[in-house]
There are 2 protein chains.
Amino acid sequence: MSAAHSGEVGAEAIRPPGATVRRAPSRSSRKRESSESLNQNGHRVTIDQVAREAGVSTATVSRVLAGIGSVNATMAAEVKRVAATLGYRPFGAARDLASGHHRSIGVVVPDLANPYFYDIIQSAQTAAAKDGYRMLIADSGGDPATELSMCEDLLSQAGGLIVQSSRMDVTALKSLAAHNSPVVLINRVEYGVDLPHVGVDNFSAMLEICHHLTSLGHSKAVYLAGPASSWQNQERWRAIQQARMMGLEATAITAEPTIQGGYAATDAALVERPTAIIAFNDLVASGVLARLRELGVDVPKKMSVTGFDDIVFAKFTQPALTTAVTPRAVLGEQAWKILKARLNGHALPEVPLVKAEVLIRDSSAAPPER
Amino acid sequence: MSAAHSGEVGAEAIRPPGATVRRAPSRSSRKRESSESLNQNGHRVTIDQVAREAGVSTATVSRVLAGIGSVNATMAAEVKRVAATLGYRPFGAARDLASGHHRSIGVVVPDLANPYFYDIIQSAQTAAAKDGYRMLIADSGGDPATELSMCEDLLSQAGGLIVQSSRMDVTALKSLAAHNSPVVLINRVEYGVDLPHVGVDNFSAMLEICHHLTSLGHSKAVYLAGPASSWQNQERWRAIQQARMMGLEATAITAEPTIQGGYAATDAALVERPTAIIAFNDLVASGVLARLRELGVDVPKKMSVTGFDDIVFAKFTQPALTTAVTPRAVLGEQAWKILKARLNGHALPEVPLVKAEVLIRDSSAAPPER
DNA sequence: CAACGCTGAGTAAGCGCTCTCTCACCTTTG
DNA sequence: CAAAGGTGAGAGAGCGCTTACTCAGCGTTG
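Residues numbered from 1 in each chain as written. Chains lettered and ligands numbered in written order. Predicted model: local features only at pLDDT ≥ 70, side-chain atom pairs only at ≥ 80, totals over all residues. Heavy atoms only, no water.

S.K.: Explain the interface of chain B and chain A to me, and be specific about the residues and the numbers.
M.R.: Across the contact, 71 residues belong to chain B and 73 residues belong to chain A. Summed over both partners, the interface of chain B with chain A comes to about 6000 Å²; 53% of that surface belongs to carbon and sulfur atoms. For the chain B face of the interface with chain A, the top three residues by lost area are Arg89, Phe313 and Phe316 of chain B, together amounting to 13%. Where chain B meets chain A, there are four salt bridges. The partner of Arg134 of chain A in a salt bridge is Asp153 of chain B, with the nearest N and O atoms 2.7 Å apart. If you look at where chain B meets chain A, you find 20 residue pairs in polar contact (both at pLDDT 80 or more). Among the secondary structure elements, those contributing two or more residues to the side of chain B that touches chain A are helix H2 (23-31), helix H6 (92-99), helix H7 (116-130), strand E2 (134-139), helix H8 (144-155), helix H12 (259-271), helix H13 (282-295) and helix H14 (328-343) of chain B. Per element, the largest residue contribution to the side of chain B that touches chain A is seven residues, and it comes from H6 of chain B. As defined by bridge partners, strand E2 (residues 134-139) of chain A adjoins E2 of chain B across three bridges and the pair is classed as antiparallel. (Contact = heavy atoms within 4.5 Å. Buried area = accessible area lost by both parts, 1.4 Å probe. Salt bridge = Lys/Arg side-chain N within 4 Å of Asp/Glu carboxyl O. Polar contact = N/O pair within 3.5 Å; in protein donor to acceptor, adjacent residues only side chain to side chain. Helix = DSSP H or I, 4+ residues; strand = E, 2+ residues; numbered from the N terminus. Pairing = 2+ DSSP bridges.)

Right, here's the structure in full:
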C-alpha cells in the first residue's frame, strides 16, 4: 500500500499547500461542458441555492418539494416561489442515489413498430406514472442475443423491468432470475424459470376460434404460425392441434408476424386447399386479406380468415376481422402491479392468465359447398 | 441564524461522543426495505465490492467497465470476471450524479396508441441507444395542462426532451425555453419561441395532394380537419386554401384525429356534396372509408379520399389510400441529432422541414360525371 | 548513467439530493 | 411553576460512482 498523498505530513512540505483545494475549480469547469439543465449562467440550479435564497436549510426545501413532513406554510410558500423563480429542477440522479432506488421501470419489446405493444406500454406507463415512476423503453429488434444485454443495461437505470421477450433464450432468463432482478415477463410462461409473469390465455382463445370454425362447418384449415420459439405461438398451435378432436384438420406454415409476412405466406397456404386460414395475429391476417383480395378469393364466402389480438385496425379491414380480443391494457396494469409489489418487497399477487374473448365479425362464414 | 449543533464545543459535552457515528447502521437498515437490484443477501453489489474482490481500486474497475483508459489486460479480465460472478450492475443514478449528466432522453407524445408515433419513437430510440442514451417515454393524453408538468418532471430525469406537443400552449413552451431546457419540438413551428424543431413540410405536401385532385378534375372538396390548434393542421389547411387558385373549393369540418373521428364526421362531410374528402390523416381517412363503404358510396368512382402520413395500414385499406408519406423515421433521427448537439454544447445543426412525398394509390380518381 | 518522459493504477474529493438525528422552542400536564 | 411531551427545522452523513490529481515504476534519451 502506498503512502497517503495530501493527508501525509511529509508530503505537504513538498507540494504547495492547498493542492487538494485547487481541484474544485477544475471540477466546475468540467461540468460546464454539458449544457443539460443548466441555467443562463451555465450552472445547474441546486437545492442549496434554493435553500440559501429562501433562507432555509436544504432539508426544508427537500421536505417542501416532496410534500412530506410538516413545514410552516409561509416558509413553504417562499420556498416554492424561490424554486420557481430560479427555475430549479431537482436532479433526478441525485435523488435516486440518495434515496437508494430508481424511479423508473424499463420495458423491453421486440418491435416498437408493432401496434400490439403500444396498448401494453400505454397502460403500464399510465399505471406506473400514478405511483411516481417513469418508463424507459427499448426495442430489442427481436434479436435474442442483444435482448439480455439490453435488459442488463436497463436494469442499471431502472428499478425493474417488464419484458416481452418471446425469443430470449431460457439461459438468459435464468441469468436474470439468478441475480434476483425485479423482472416481470409478459406473454411468456417458462417453467423452471423463477420469474413472475402475466399473459393471455392463448390456448382457450384459440380453441374457441377453432370451435367457431368447426361449428361453421370447416374441417380443413391452415395455421399461419408465428415464431416457433414464441410461447404464444406454441399455445395457439397446441389449441389448434387439440381441435382435431372437434374435427378440424390443420397444417402449420410459418410466417413472419407482420402484414407483409401474412401477405407473402398466403400463396403457400392456398396450396393446402383449406377453407379457413387461421392467422397467428391480426397483422398476419391483414396481409392474408390483402393477398386474397388480389387473387380474387372472396372472404368469407370462399375462405374464412381469423386473426388474433384485435388491434385497432381489425375492425376496419375489409371484411372486418374475426379475432380474439387480447386485453392488452389489462396486461400492462397487471405487469405494473406485480412489479410494484416486487419493488416494495410485498408478496407477489397471484394473477391468472387473462381470458381473451373471441369476436366474430365478417371474415368468417360457412365454407363453400363442395 | 441559530447555533451549530454537533459542531459546537459546548454541545459536545452534553451529548455522548460518537453520536453521529451511530447513524450508519440505521442507514443500511433503511436500504434493506427496497429489493431493487439487490443480491441474494439483500445488499446491492457495489463497485467497492468488485474492487476489493478483484484486488484493485474502484477507479480501475470503473475504467475497465467503461472501457476507457488503458488497463493491464490480465487485470481487466479479472475485474470482468469478478463483476460477472458477483452479478454487479452499476447503479445508474450514482453514475449520472458523478458524471454530472443523465443518460436518458425523454419523449412526450399526446397519444401512445397513435401509430403515427411508432416510427418516430423507434428511430429516435435506436439513434439515441447508439450514443448510449436510454429513452423515457410519456403519454400526455393530449392534455395541454398536464403536458408542461410532464415535461418538467421528465426533465429532472432526462438530459433532454423530444416533444410532440401539438396542443401545448405557447406560454408553456416559452417557460421551457426560458429555463434553457434541452428540448426539441416535433412538428411544431412556433415563432417567438426559442426552441429547435424538426418537422414535415405539411404545406407543400398538402398542396401536392390538392394538385393531384384538381388535375383529376375535382373542384369541390371537404377537409376533415385535425385539432385547430395544431401546427400541422394549420399548415395543411393553409395549403388547401391556397389551392383555391388551382380551382379547388374546399370547406373544413373538424374531426377527432382518429378512425372513429373520421367515421363520425363523414356524414356531415357528405352534406357539402363534395367529390373528394381530404382527411387530416390516415386514421381519419380510414374511418371515412369505413363509413362510405357502409353507405354504399363507391371509392374512388363516386368519391375520392386522401389521407396523410402513410401509416403502415394505409396500404391495406380498401381501397388502398392515396396519401402523403411523412418520413417519420427521419424525424426521429433528426430530433436526436439536434438534441445530441445541444447536450454536447455543439452548434445546432440546421435541419430543413422534411419533404413528404405524395403516394397515389387507389382511393383517388376522377370525379363522377355530372 | 542521470534526467526525463510515459504509463498504469491508486487516492479521494465531490456530484446533488434524502433522511436520521438532534435540539430549540412551545404547549400541556401534574 | 416545573416536568413532560410535541413539533418544526437545521446539521450533516452518506448514497455509489467518476475522474482529476498524484506518483511509482520503467523505458528513453543525451
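S.K.: Tell me what's going on with the sheet that holds strand E7 (residues 249-254) of chain B, and back it up with residues and numbers.
M.R.: Residues and elements named next belong to chain B. Taking strand neighbours across the sheet as the criterion, the four strands line up as E7-E6-E8-E9 in an open arrangement whose pairing is parallel. Among the strands making up the open sheet, the edge pair consists of E7 and strand E9 (304-306). Going across the sheet, the axis of each strand differs from the next one's by a mean of 20°, ignoring polarity. Where strand E8 (residues 276-279) and E9 come together, three bridges link them in parallel fashion. From the neighbouring strand, Ala276 faces E9, where its bridge partner is Ser304. Each of strand E6 (220-225), E7 and E8 touches helix H11 (residues 231-242); the most contacted strand, E6, lies at about 175° to it. Of the strands in this sheet, E6, E7 and E8 touch H12, which is tilted by about 150° from E6. (Axes fitted to C-alpha atoms, helices over the stretch in contact; angles between N-to-C directions.)

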